[in-house]
Amino acid sequence: MYNPRISTDAPNNDMVEKQSSQSLYGRHDYTHDYASSHYEHSLGYSEDDQPMSTEERALVRKIDFFVMPIICTINLLQFIDKSTINYAAVMGFKEDLNLVGNQYSLLGSIFYLGYLLFQFPNNYFLQRFPIGRYIGTIVFIWGAVLACTSTGTNFSQMAALRFLLGFFEAGIYPCLTLLVSTFYRRHEQAARLGAFWLCNGIALVVGGLISYGIGRMTNTHGLANWQWIMIILGVITSAVGVFSFFFLIDNPKSKALNLNAEQEILVEERTRDNAVVRTTTIKRDQIIEALKEVRFWCFCIACLLINLQNGAMTIYNAQITEGFGFTGLDSILLTVGAGGSTVLFIVLGVYCVNKTHQTLYTACGLMTIDIIGLILLIVIPTPKVKLIGFYLAWSYCAAYVLLVTSISNNVSGYTKKIFYNGLLMVFYTLGNFCGPLMMVSTQAPTYIGGMIGYICANVVVVILLLVARWRMSVVNTRRMAKPSSILTNVEDDLSDVQDTNFLYRL
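First things first, this report covers the structure right here in the doc. (Residues numbered from 1 in each chain as written. Predicted model: local features only at pLDDT ≥ 70, side-chain atom pairs only at ≥ 80, totals over all residues. Heavy atoms only, no water.)

## Some details on the state of the cysteines
- Inspection of every chain in the model, using the stated rule, returns zero disulfides.
- Note on C303: no disulfide assigned, nearest cysteine sulfur contributed by C300 at a separation of 7.1 Å. (Disulfide = S-S within 2.5 Å.)

Take a look at the structure:
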């Protein structure tokens, strides 16, 4: 069914956002029923449309059941796996490898050097190979690399293994984000992206508990406790990779979903709404268009600056809590609280977005909480009370979720979306690479220089997100003031700039 998108009436001046298209079975996000009143009813849109049909609810439940558990499990494992040296550091890891000076920080950073180098081939592979098989392959390989990490005996060997771990983990975030944006409507994506990013917080909880249990093992068969962390998690990850290779569904029309006739039509409608049509054609004009956008650079630089802190918190959080006066294994248990804090902030962020429909304003609010937490880490005189600031500082994770959600919602054109996600991961990598190097060992346990640096970076992040939102709001206002008479279709694989009927979700 050819389903063009066209606006015919003048917009309400106080309305600055709506979806790029509204499906026959679609749901309106806003209390003012703008979408139904501003699309021609002759094209199949009706003011009497229900928010979501019974068939569509069944379809979404089916996708949630078959796709989201695997996505969430993979995301949980990748966060635990790259954080293993965080737990190992308080189990004699640094002493066994004779690490000195900033070598531990370099092990954290070199992971992201591998991460960076894989981004460009990853963009190519995403358009050339089935995503399900591709994900299964890289998950299996990085699990094997993690298990081999247990054999490292010095800095050089461990650096090489950390590089390879980062190299093969690098493709997973773009893959998972692309899967969500392919299967779900734009208004559904915030909750689903929030769910799989929520697993970062759950990973802190699970990783902390697993590591605490392994740390208390006495019969280790001649291996150090930290080596068992690498072996056990590596084997689990490789097993999940094999499962994903054969069973991860990567196509909304997959036979595995057992769609009925009405649901097959719904898949077409949902594809129009989420503005993603898979294609193997690489469109250079969409890449050039992205590079010329102010919001593109705002998002990329904001991503880099947010992840300065992430790079440090990922591998130093157990050592930070140990610096508050807690013992090694107790400091690992306290990272469970950091995971709980992350989960709480992500749930709060997604809830606020669903209630207010203000993604980037919510992200700015979360970054403000993060800044307050870092300030408290510096100014609170009692070491153990600093835990308050430590837990507040994890709100940056939720802000990053919303940044990724904004890009997922507001970038159309398959090549442009992949390019955005790929370059975002480059800046994500650069931030995580540089972040640990700001934690100078001579400033332990307060690491005051690094904390001040992260505070300054986060202030700039808030400014950049506001600028990106402003740029999209200006385009919305212009397009709604002068509705286009040009018929457009998602099947045409137009970018959000080329599609004059596309309006951004702010």
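## Let's talk about the nonpolar core
- F93 and I135 are the most contacted members of the largest nonpolar core, which has 144 residues in total.
- Of all the elements, helix α15 (residues 294-322) adds the most residues to this core, at 15 residues. (Core = buried A, V, L, I, M, F, W, Y, C linked by side-chain atoms within 4.5 Å. Buried < 20%, exposed > 50% of the residue type's maximum accessible area, 1.4 Å probe, protein only. Helix = DSSP H or I, 4+ residues; strand = E, 2+ residues; numbered from the N terminus.)

## Section: the packing of aromatic side chains
- Taken as a whole and judged by the stated rule, the model has 29 aromatic pairs.
- Ring plane angle 80° and centroid distance 4.9 Å describe the contact between F296 and W297, whose orientation is recorded as edge-to-face.
- Ring centres of F296 and Y420 lie 4.9 Å apart, and the angle between their planes is 80°; this geometry places the pair in the edge-to-face category. With F296 in helix α15 and Y420 in helix α20 (residues 414-434), the pair connects residues that are 124 residues apart, well separated along the chain. The pair formed by F296 and Y420 is uniform in burial state, with each residue classed as buried. (Phe/Tyr/Trp six-rings, centres within 6.5 Å; stacked < 30°, edge-to-face > 60°.)

## What about the packing of α15 against helix α21 (residues 448-481)?
- Between α15 and α21, the least distance of the axes is 8 Å, while the angle of their chain directions is 150°. As far as their axial angle goes, α21 and α15 are roughly antiparallel. Regarding α15 and α21, the two cross each other, and that crossing is left-handed. Here V294, R295, C298, F299, I301, A302, L305, I306, L308, Q309, A312 and I320 of α15 lie close against α21, whose contacting residues are M451, Y454, A457, N458, V460, V461, L464, L465, V467, A468, R471 and M472. (Axes fitted to C-alpha atoms, helices over the stretch in contact; angles between N-to-C directions. Parallel < 35°, antiparallel > 145°, perpendicular 65-115°, else oblique. Left-handed = near helix turned anticlockwise from the far one by under 90°. Contact = heavy atoms within 4.5 Å.)

## Topic: helix α6 (residues 103-117)
- With 15 residues, α6 should reach 21 Å at 1.5 Å per residue; the first-to-last C-alpha distance of 21 Å fits that figure.
- When you tally the buried positions in α6, you get 11 out of 15 residues, the bulk of the element.
- Those residues of α6 lying buried are Q103, Y104, S105, L107, G108, S109, F111, Y112, G114, Y115 and L116. (Expected span 1.5 Å × (residues − 1).)

## Observations concerning the environment of E268
- You can see E268 is positioned in helix α13 (residues 261-274).
- Sequence separation between E268 and K253 is 15 residues; the distance between their C-alpha atoms is 9.0 Å.

## Brief notes about the packing of helix α2 (residues 54-66) against helix α3 (residues 68-82)
- Direction vectors running N to C along α2 and α3 enclose 35°, while the axes themselves pass 3 Å from each other. On α3, the residues that touch I63, D64, F65 and F66 of α2 are M68, P69 and I70.
- Tallied by class, residues from the contact of α2 with α3 come to six nonpolar, no polar and one charged. (Nonpolar A, V, L, I, M, F, W, Y, C, P; charged D, E, K, R; others polar.)

## Brief notes about the side chain of S412
- By secondary structure assignment, the location of S412 is in the loop between α19 (396-410) and α20.
- A distance of 3.2 Å separates the side chain of S412 from the backbone oxygen of L494, its partner in a polar contact.
- A polar atom in the side chain of S412 sits 2.8 Å from the backbone nitrogen of D496. (Polar contact = N/O pair within 3.5 Å; in protein donor to acceptor, adjacent residues only side chain to side chain.)

## Overview of unusual backbone geometry
- Positioned with a positive phi, N98 is a non-glycine residue whose angle comes to about 55°.
- Along the chain, the position of N98 falls in the loop between α5 (93-96) and α6.
- Residue N98 is classed as exposed on the basis of its relative accessible area, which comes to 57%.

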